[in-house]
Amino acid sequence: MKNLLKGMTSTQSNKLLVAFFLLASTVFAVSACEKQGPAEKAGESIDQSMESAKDSYKEGVEEVKDEVDDHS
């Protein structure tokens, strides 16, 4: 590696190092996103439940408003 970098200009070696780190970062990111653990699954389930509860609440509020408007 030293011999390879020795013959290069600083711009070329900088490009090589940047390419290496980009490749390493990409490999790490892809391997980190492979599977969901139990905590991630539970978190998603909680998020979905909260969204469902929020939607139900909003629907209920709209129904009450409609009833109030109908009887006013």
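Parameters and conventions
Throughout this document, residue positions are counted from 1 along each chain, in the order its sequence is written. The model is predicted, so local features are restricted to residues of pLDDT at least 70 and side-chain atom pairs to those at 80 or more, both for listing and for counting; the totals for chains, interfaces and linings are taken over all residues. The side-chain figures draw on all heavy atoms in the structure; neither hydrogens nor water molecules are used. Within this document, salt bridges are pairs made up of a side-chain nitrogen of Lys or Arg and a carboxyl oxygen of Asp or Glu, the two lying within 4 Å of each other. Think of it this way: any DSSP run of H or I at least four residues long counts as a helix, any run of E at least two long counts as a strand, and we number them from the N terminus. Residues form patches when they are more than 30% accessible in relative terms and have no salt bridge. Like charges link within 9 Å. Nonpolar side chains (Val, Leu, Ile, Met, Phe, Trp, Tyr) link within 5 Å. Each accessible area is a Shrake-Rupley result for a 1.4 Å probe, and residues are judged covered by the shown protein chains and nothing else. Charged-residue counts in this description rest on Lys and Arg as positive and Asp and Glu as negative, His and the chain ends being excluded. Note that the charge is assigned to NZ on lysines, CZ on arginines, CG on aspartates and CD on glutamates. Scored between 0 and 100, pLDDT is the confidence that the predictor attaches to each residue.

1. As for the pattern of salt bridges
Evaluation of the coordinates by the stated rule reveals one salt bridge. Between Lys-54 and Glu-51 there is a salt bridge, with its nearest N and O atoms 3.5 Å apart. Placement of both Lys-54 and Glu-51 in helix α3 (residues 38-70) is noted, with a separation of three residues, approximately one turn of the helix.

2. Regarding a negative patch on the surface
A cluster of acidic side chains, namely Asp-55, Glu-59, Glu-62, Glu-63, Asp-66, Glu-67, Asp-69 and Asp-70, defines a negative patch on the protein surface. As for its position among the elements, Glu-59 is in helix α3.

3. Re the confidence of the model for the protein chain
Put simply, the protein chain has an average pLDDT of 82, and 81% of its residues get 70 or more. Across the protein chain, the secondary-structure element scoring lowest on mean pLDDT is helix α1 (residues 2-6), at 58, and the one scoring highest is α3, at 91.

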